[in-house]
Amino acid sequence: MFANFKNKLCGALALLVMLTATAFADDSPPTPEELAKIKTANAECLTCHSEAGLKKPPKEGLDLKKLRHYLVDLGTYTESDHGQMACSKCHGDGYDKHPHDAKAKEGLSECQDCHARKAMRIERQFDKSVHAEHLSDSFTCATCHDPHVMTLASKLRDPHKIVAQDNKICLDCHDSDLAFAKIAPEKKKRPPIDDIHSWLPNTRLHWQAVRCIECHTPTEDKLSLSHEIQNKDKAEKKCATCHSANSSLNARLYRHLAKEEQNKYGFLNSVILSNSYVVGATRNPSIDWIVIGLFVATVVGVIGHGLVRIITTRMRRSKNHD
């Protein structure tokens, strides 16, 4: 009975958190006037937190060595998912003055403050991942997803840009001893990824064409991606999963391209023809029908010719008998 009450209480609290976050999250895009104010406010932050600010510090006494780790590229940030948000939306009161308050980071907004519903779903997936099994509690969303850079795949659209962005997240740690050591448990060495993937032909070329998560997340649901990152024992190793007419790449990586763009050349899976070898992808439905029509016409022609020969032969014999 107590367990049942506890489950209901937890569910109610979770719902309350979600509703509260939704109430405070401003999902509507800013008006032109609001956007102008945001850009002005953000420009003030970037007088220091940019390459220009690093080269010509606007204030004396800046710790340039430390500042180098907190630079933001304005163009990249503007195009990112948070590009229309004010810096102060996440960086609160502790960042108003310089030098920033020593405890400013404690007031830094967390992802779930705005993304409550998504965070709850992702947390369940992450708890089953290899990252949750081996990494410390310090592993957060920002460990992988830089909020000043990340852009949704649906906005990037171009598969090359999507792959470059997402694989950089994985390779920044799994292809660097230094970065891996900062996150991994003590004494755990970085597995040599080239050796682990030696079964995969042209390994590095694959990493330029497909995302690591195409193989290292559950592939049962082709239309969604998961934060359940799976280890090498559970990873997808069937070539046909991608290299087939019913390619999971078309359903997952390339699904953000418009349908008319996928079919504009008339080929099945035409959008991936220049990037991947896919069995059956080069078949053009129109040409298929033409070939089928020609085959049928040939068969009909042969049969018709045979029937005409039979009929004319019988008619000749009949006349000869007469």
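Computed from a predicted model, the values in this text were never measured in an experiment.

Q: When you look at the overall build of the protein in this model, what are you seeing that I'm missing?
A: Looking only at helices and strands, the protein has 17 helices and zero strands in total. Here the protein holds 322 residues, and 26% of them are scored as buried. Expressed as a percentage of contacts within the protein between residues at least 6 apart in sequence, the contacts between residues at least 24 apart total 51%. Accessible surface for the protein amounts to roughly 23200 Å². Of this, 60% is attributable to carbon and sulfur atoms.

Q: Mind showing me how you'd approach helix α10 (residues 159–174) here?
A: Note on helix geometry: an α-helix contains 3.6 residues per turn, so any two residues three or four positions apart are oriented the same way. Between its first and last C-alpha atoms α10 spans 22 Å; for 16 residues at 1.5 Å apiece the expected length is 22 Å, and the two agree. Along α10, the residues classified as buried are Pro159, Ile162, Val163, Gln165, Asp166, Asn167, Ile169 and Cys173. Elements that come into contact with the buried residues of α10 comprise α8 (141–144), α9 (153–156), α11 (177–183), α13 (203–209) and α14 (212–216). The distance from a side-chain oxygen at the start of α10 to the backbone nitrogen of His160 is 3.0 Å, and the residue carrying that oxygen is Asp158.

Q: How should I be thinking about the nonpolar core in this particular structure?
A: Soluble globular proteins: nonpolar side chains tend toward being buried together. One finds Ala153, Ile162, Val163, Val210, Cys242, Leu249, Leu253, Tyr254 and Leu257 forming the largest nonpolar core, which totals nine residues. Beyond its immediate chain neighbours, meaning those up to four positions away, Val163 contacts Lys168, Trp207, Gln208, Ala209, Val210, Arg211 and Leu253.

Q: Can you walk me through the side chain of His216 in this structure?
A: If you trace the backbone, His216 turns up in helix α14. Exposure remark for His216: the relative accessible area of 19% places this residue in the buried category.

Q: Teacher, can you tell me more about the environment of Ala164 here?
A: Residue placement: Ala164 occurs in helix α10. With relative accessibility at 49%, the residue Ala164 sits in the partly exposed group.

Q: Looking at this structure, how should I read a nonpolar patch on the surface?
A: A contiguous nonpolar patch, built from Trp289, Ile292, Phe295, Val296, Val299, Val300, Ile303, Leu307, Ile310, Ile311 and Met315 and spanning about 1100 Å² of accessible area, is present on the exposed surface. Residue position: Phe295 is located in helix α17 (residues 285–321). Taking relative accessible area as the criterion, Phe295 reaches 57% and is therefore assigned exposed.

Q: Explain the packing of aromatic side chains here, please?
A: Aromatic ring pairs are reported here in terms of the distance separating the ring centres and the angle at which the planes meet. Counting across every chain of the model gives one aromatic pair. Geometrically, the ring pair formed by Phe126 and Phe139 is stacked, given 5.4 Å between the ring centres and 15° between the ring planes. A residue pair is termed long-range when its members are at least 10 positions apart, and Phe126 in helix α6 (residues 116–126) and Phe139 in the loop between α7 (130–134) and α8 qualify at 13 residues. For Phe126, a relative accessible area of 22% gives the class partly exposed.

Q: Any chance you could explain unusual backbone geometry here in plain terms?
A: Peptide bonds are mostly trans, and most non-glycine residues show a negative phi. The omega torsion across His98 and Pro99 is 0°, close enough to zero to call that bond cis. Of note, Arg157 is a non-glycine position whose phi angle comes to about 65°, a positive value. Mapped onto the fold, Arg157 is located in the loop between α9 and α10. For Asn202, which is not a glycine, the phi torsion comes out positive at approximately 50°. With respect to the helices and strands, the residue Asn202 is situated in the loop between α12 (193–196) and α13. Classification of Asn202 as exposed rests on a relative accessible area of 54%.

Q: I keep staring at the pattern of salt bridges and nothing clicks. Help me out?
A: Working definition: two side chains of opposite charge can pair if their charged atoms are close together. One pass over the full model with this rule turns up nine salt bridges. Here Asp175 and Arg204 are joined by a salt bridge, their closest N and O atoms 3.0 Å apart. One end of the pair, Asp175, is in the loop between α10 and α11; the other, Arg204, is in helix α13, with 29 residues separating them in the sequence. On the accessibility criterion, Asp175 (32% relative accessible area) is partly exposed. Arg204 gets classed as partly exposed once you look at its relative accessible area, which sits at 35%.

Q: What am I meant to see in the state of the cysteines here?
A: Disulfides are covalent bonds that link the sulfur atoms of two cysteine residues. Summed over the entire model, instances satisfying the criterion amount to zero disulfides. Not part of a disulfide, Cys141 finds its nearest cysteine sulfur in Cys111, a span of 3.9 Å. Classification of Cys141 as partly exposed rests on a relative accessible area of 41%. You can see Cys173 has no disulfide; the closest cysteine sulfur is in Cys144, sitting 6.6 Å from it.

Q: How should I be thinking about the environment of Lys237 in this particular structure?
A: Within the fold, Lys237 resides in the loop between α14 and α15 (248–252). Beyond its immediate stretch of four places on either side in the chain, Lys237 contacts Trp199 and Lys232.

Q: When you look at the side chain of Glu228 in this model, what are you seeing that I'm missing?
A: Mapping Glu228 onto the fold places it in the loop between α14 and α15. In this structure, Glu228 is in contact with Gln125, Lys128, Ser129, His216, Thr217 and Pro218, ignoring residues within four places of it in sequence.

Q: Sorry if this is basic, but what is going on with the confidence of the model for the protein here?
A: Should pLDDT be low for a region, the predicted coordinates there are not to be read in detail. Summary statistics for the protein give a mean pLDDT of 81 and a share of 80% for residues scoring 70 or more. Counting interchain partners and residues more than four positions distant, the pLDDT-below-50 stretch residues 1–26 has ten contacts.

About the cut-offs
- Residues numbered from 1 in each chain as written.
- Predicted model: local features only at pLDDT ≥ 70, side-chain atom pairs only at ≥ 80, totals over all residues.
- Heavy atoms only, no water.
- Helix = DSSP H or I, 4+ residues; strand = E, 2+ residues; numbered from the N terminus.
- Buried < 20%, exposed > 50% of the residue type's maximum accessible area, 1.4 Å probe, protein only.
- Contact = heavy atoms within 4.5 Å.
- Areas by Shrake-Rupley, 256 points an atom, 1.4 Å probe, with all protein chains shown as cover.
- Expected span 1.5 Å × (residues − 1).
- Polar contact = N/O pair within 3.5 Å; in protein donor to acceptor, adjacent residues only side chain to side chain.
- Core = buried A, V, L, I, M, F, W, Y, C linked by side-chain atoms within 4.5 Å.
- Patch = residues over 30% accessible without salt bridge, like charges linked within 9 Å, V, L, I, M, F, W, Y side chains within 5 Å.
- Salt bridge = Lys/Arg side-chain N within 4 Å of Asp/Glu carboxyl O.
- Phe/Tyr/Trp six-rings, centres within 6.5 Å; stacked < 30°, edge-to-face > 60°.
- Disulfide = S-S within 2.5 Å.
- pLDDT = per-residue confidence, 0-100.

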